[in-house]
Amino acid sequence: MGRWSRQELEEAFDNYQAMALKAGTSGDWRCWADLFTEDATYVEHLFGTFGGREAIYRWIQTTMQTPPNDEMKFFPIDWYVVDEERGWIVCKVWNRFQDPGDGSVHQEYNFTLLKYAGNGLFSYEEDIYNPNHFGKMVKGYLERRDECEKKGRKKAKG
């Protein structure tokens with residue numbers, strides 16, 4: 001038996017998902033960063049390792065306000081596994097852009113490891129993904145968005 005019940009782990013993960021949606025759609029990442037302990041570690045394979053809640057907040061707030069990341073609004077979970085013994089959650093997260101204007105979906109996934117620390121907080125997150133796949137997805141999204149904007153301008157003039 002682990003330190004925390006499955007129910008507590010599930011509730012913390014549900015809240016993590018809710019705060020990711022709130023942060024993504026509002027552009028204010030404070031509520032999401034506040035899900036980490038003061039001394040948490042965040043490992044992001046492209047951007048580096050961040051130590052502490054405030055460093056995590058500064059990084060995510062800046063990164064997600066920078067175009068085109070500011071158009072990535074949704075982070076649905078495809079699947080997840082709860083390791084009750086360790087207090088870990090492993091999941092597949094889709095990083096999804098907003099609709100470019102034609103209803104198409106532009107997303108890429110990462111695998112996330114979360115280590116629970118109690119009281120609804122996480123002490124560790126690591127995101128594992130292929131940056132080349134993300135780059136191709138972002139390029140495709142931007143091209144599609146620009147095409148939709150051009151069509152919209154033509155209709156407005158039309």
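Refer to the structure above for everything that follows.
Counting starts from 1 at the beginning of each chain's written sequence and moves along it residue by residue. Note on the predicted model: pLDDT of at least 70 is required for a residue's local features to be given, and 80 or more for side-chain atom pairs to be given and counted; whole-chain, interface and lining totals, by contrast, use all residues. Water and hydrogen atoms play no part in the side-chain values, which are based on all heavy atoms of the structure.

Asker: Please set out the environment of Glu 8 residue by residue, giving values where relevant.
Answerer: Looking at where Glu 8 falls in the secondary structure, it is placed in helix H1 (residues 6-26). Relative accessibility under 20% of the residue-type maximum defines a buried residue, over 50% an exposed one, and the middle range a partly exposed one, all with a 1.4 Å probe and only protein chains included. By relative accessible area, which is 26% here, Glu 8 ends up partly exposed. For the pair Glu 8 and Asn 119, spaced 111 residues apart in the sequence, the C-alpha separation amounts to 8.6 Å. Glu 8 has contacts with Tyr 116, Gly 118 and Asn 119, leaving out every residue within four places of it along the chain. A run of DSSP states H or I qualifies as a helix once it reaches four residues; a run of E qualifies as a strand once it reaches two. Both are numbered from the N-terminal end. What makes two residues a contact is simply this: any of their non-hydrogen atoms within 4.5 Å.

Asker: Mind laying out the pairing of strand E7 (residues 121-128), listing which residues take part and the relevant values?
Answerer: Here, a strand pair is defined by DSSP locating no fewer than two bridges between the strands. Across 5 bridges, strand E1 (residues 36-44) lies against E7 in parallel orientation. Looking at E7, one finds that Tyr 42 is bridged to Glu 125. Alignment of strand E6 (residues 107-118) against E7, held across 7 bridges, turns out to be antiparallel. Note that in E7 the partner of Leu 114 across the bridge is Glu 125. In this antiparallel pair of consecutive strands, E6 and E7, the connection spans 2 residues, and Asn 119 shows a positive phi of 55 degrees.

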